[in-house]
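The residues making up each chain are set out below.
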Amino acid sequence: MRNSEEKRLQRVVAPVCAILFAVFSFVFVAEFQAPSIEAFYNTISTGKLNFSAYMVGFIVSAVLTLLALWLNTLAKFTREWTALAYLPSALILAFITDMDRSIYTDDGSMLSWIFVFILGLLVYSAAAFLFKRILFEKIKNVSVSMNKVLWRNMVLIVLMFCLVGTLSNSEENFKREVRAMSYFSKGDIDDALAVGKKSLVASRELTAMRAYMLVVNGKLGEQLFEYPQYYGSEGLLPPMQRTSPLVPDSVYALIGAKPEPNESVSRFIERTMQNDTVSNNVTKEYYFASLLLDKKLREFKDALFGRYGKTIDKLPKHYREALMLYEYVADSTDVVSFSVNDDAMRKRMEEFRAEEAKHADPVVRGNYVRRYYGDTYWWYFLYGKKE
């Protein structure tokens with residue numbers, strides 16, 4: 001191929017590769033991996049600047065694209081190999097979007113990434129050497145269509161995109177935790193609680209974070225079972241060692257006490273309840289929630305009446321649901337001396353029981369009932385399980 005044709009080809013191929021990589025980097029950082037980067041930013045920032053996903057995406061995209069263009073002035077990749085110039089930038093992009101819980105626990109290992117970078121550098125260097133010393137000499141006078149060159153470069157670019165997606169952090173629960181805490185720190189509690197609400201997947205960290213936000217918002221007894229509960233009372237509080245954006249000390253400061261080493265959440269909350277100098281309304285709400293999560297209906301009923309008397313009508317929704325359920329499941333030795341006077345809730349309870357009667361298989365029954373009543377304590381008590 002003549003020199004003028006080679007230059008004309010590169011004037012098209014090089015910008016196409018640059019634009020594809022820049023657009024992918026921006027979208028990948030700003031839309032898909034912003035929570036991972038924000039988590040790292042929040043651990044090192046002084047709080048003077050607010051995190052902006054689009055600004056970070058633009059900076060990362062620009063820097064990595066310019067880095068690839070500069071490196072290619074040395075490597076000299078052309079034609080169908082032009083996209084290989086973006087391999088180092090792709091690895092760096094994967095690295096900065098691989099932030100996970102280790103940023104809180106300090107137990108992350110860089111050995112795997114050191115290996116990846118060394119391997120990537122070797123592949124890049126070997127490809128550059130082979131191209132300049134062997135391949136280019138063989139193909140420089142061979143004519144090739146622009147369409148073929150573009151398609152082959154796009155294949156390489158897509159393969160690198162797949163590599164980035166494979167190596168970066170893909171844990172959705174972690175991203176939801178960061179996103180929820182970001183809203184919460186700005187005072188948008190409703191938006192924070194809406195993050196991932198429709199998903200049936202929830203980590204213990206996210207479950208404890210939601211409980212904390214509901215307590216702060218005064219709606220623990222009203223909305224707790226609108227979210228998946230897989231951990232019983234253990235899901236109410238975070239572990240003492242931080243593993244998420246939620247700082248454990250902020251939760252235990254609200255309660256006014258900290259658990260002993262290896263103490264279960266239910267035992268800690270019960271012990272705190274018995275301490276008159278520490279016990280407060282927050283502790284009581286956590287205590288009632290722990291009894292419901294551990295399906296201790298009779299203890300819940302006794303503790304609730306001891307706290308509120310038998311004034312049922314103004315109790316939070318899940319408390320009333322639990323008491324209504326107790327009317328049905330109480331054994332013959334227990335005299336039920338109360339009644340939940342809520343016609344709408346009782347009608348829904350009857351509909352719940354009617355839906356149950358339609359399905360003989362317990363698994364099928366639980367799944368069908370969950371579609372319509374998965375936000376109730378009734379479903380949790382009868383079908384909910386701990387993981």
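Use the structure listed above.
Cut-off values and rules
- All residue numbers refer to positions counted from 1 along the written sequence of the respective chain.
- Reporting of local features is limited, given that this is a predicted model, to residues whose pLDDT is at least 70; pairs of side-chain atoms are given and counted only at 80 or more, and all residues count toward the totals for whole chains, interfaces and linings.
- As a rule here, side-chain values come from all non-hydrogen atoms in the structure, and water together with hydrogens is ignored.
- The helix and strand labels rest on DSSP assignments: H or I over at least four residues marks a helix, E over at least two residues marks a strand, and numbering proceeds from the N terminus.
- Buried residues are those whose accessible area, probed at 1.4 Å on protein chains only, stays under 20% of the maximum for their type, while exposed residues exceed 50% and partly exposed ones sit between those limits.
- A 3.5 Å cut-off defines polar contacts: any pair of N or O atoms within that distance qualifies, except that in protein one atom must be a possible hydrogen donor and the other a possible acceptor, and neighbouring residues in sequence count only when both atoms are side-chain atoms.
- For this analysis, residues touch if any pair of their heavy atoms sits within 4.5 Å.
- Between N-to-C directions, angles cover 0 to 180 degrees, with each direction set by a line fitted to C-alpha atoms, over the stretch in contact for helices.
- Note on terminology: angles under 35 degrees are roughly parallel, angles over 145 are roughly antiparallel, angles of 65 to 115 are roughly perpendicular, and the others are oblique.
- Crossing handedness is defined as follows: a turn of the near helix away from the far one that is anticlockwise and smaller than a right angle gives a left-handed crossing, while the clockwise case is right-handed.
- Think of it as three bins: nonpolar holds Ala, Val, Leu, Ile, Met, Phe, Trp, Tyr, Cys and Pro, charged holds Asp, Glu, Lys and Arg, and polar takes everything else, Gly as well.
- The rule is short: rings of Phe, Tyr and Trp, with Trp giving its six-membered ring, pair when the centres are within 6.5 Å, and they are stacked under 30 degrees, edge-to-face over 60, tilted in between.
- Over a ring means this: the NZ of a Lys or the CZ of an Arg is within 6 Å of the ring centre and within 35 degrees of the ring normal.
- We count a salt bridge whenever a side-chain nitrogen from Lys or Arg sits within 4 Å of a carboxyl oxygen from Asp or Glu.

**Student:** Which parts of the structure should I look at to understand the side chain of E205?
**Tutor:** Looking at the element boundaries, E205 is found in helix 10 (residues 204-216). Since its relative accessible area comes to 18%, E205 is described here as buried. Within the structure, the side chain of E205 is placed 3.1 Å from the side chain of T243, a separation counted as a polar contact. When near neighbours in sequence (up to four residues on either side) are disregarded, E205 contacts R101, E177, T243 and S244.

**Student:** Just to check I follow, could you spell out the packing of helix 17 (residues 343-357) against helix 18 (residues 362-373) for this structure?
**Tutor:** Each pair of packed helices can be described by the angle between their axes along with the distance between the axes. One way to put it is that helix 17 packs onto helix 18 with a least axis distance of 9 Å and a crossing angle of 155°. What the angle tells us is that helix 17 and helix 18 run roughly antiparallel. Note on packing geometry: the crossing formed by helix 17 with helix 18 is right-handed. In this structure, helix 17 contributes R348, E351, F352, E355 and E356 to the contact, and helix 18 contributes R365, Y368, V369, Y372 and Y373. When its residues are assigned to classes, the contact of helix 17 with helix 18 shows 5 nonpolar, no polar and 5 charged.

**Student:** Even after reading the chapter, I still don't get the packing of aromatic side chains, so can you show me in this structure?
**Tutor:** Tallied over the entire structure, the rule returns 19 aromatic pairs. A ring pair is formed by F288 and Y319, whose centres lie 5.7 Å apart and whose planes are at 80°; its orientation type is edge-to-face. Here Y319 lies in helix 16 (residues 317-329) and F288 lies in helix 14 (residues 281-293), a separation of 31 residues in the sequence. On the basis of relative accessible area, Y319 is assigned to the buried category, the value being 2%. Through a chain of ring-to-ring contacts, the aromatic side chains of F225, Y377, Y380 and F381 assemble into a single cluster. Lying over the aromatic face of Y380, K295 brings its terminal NZ or CZ to 5.3 Å of the ring centre.

**Student:** How do you make sense of the pattern of salt bridges when you look at a structure like this?
**Tutor:** Two side chains with opposite charge may pair up if their charged atoms get near one another. This model, assessed by the stated rule, comprises 11 salt bridges. Between K301 and D302 there is a salt bridge whose closest N-O contact spans 3.1 Å. For D302, a relative accessible area of 45% corresponds to the partly exposed category. Each of the salt bridges in this network shares a partner with another, and the network as a whole consists of K197, E226 and K317.

**Student:** Can you walk me through unusual backbone geometry in this structure?
**Tutor:** Peptide bonds are mostly trans, and most non-glycine residues show a negative phi. In this structure, N262 is a non-glycine residue whose phi angle is positive, near 65°. Judged by relative accessible area, N262 falls into the exposed class, the value being 84%. With phi around 60°, K295 is a residue other than glycine that occupies positive phi space.

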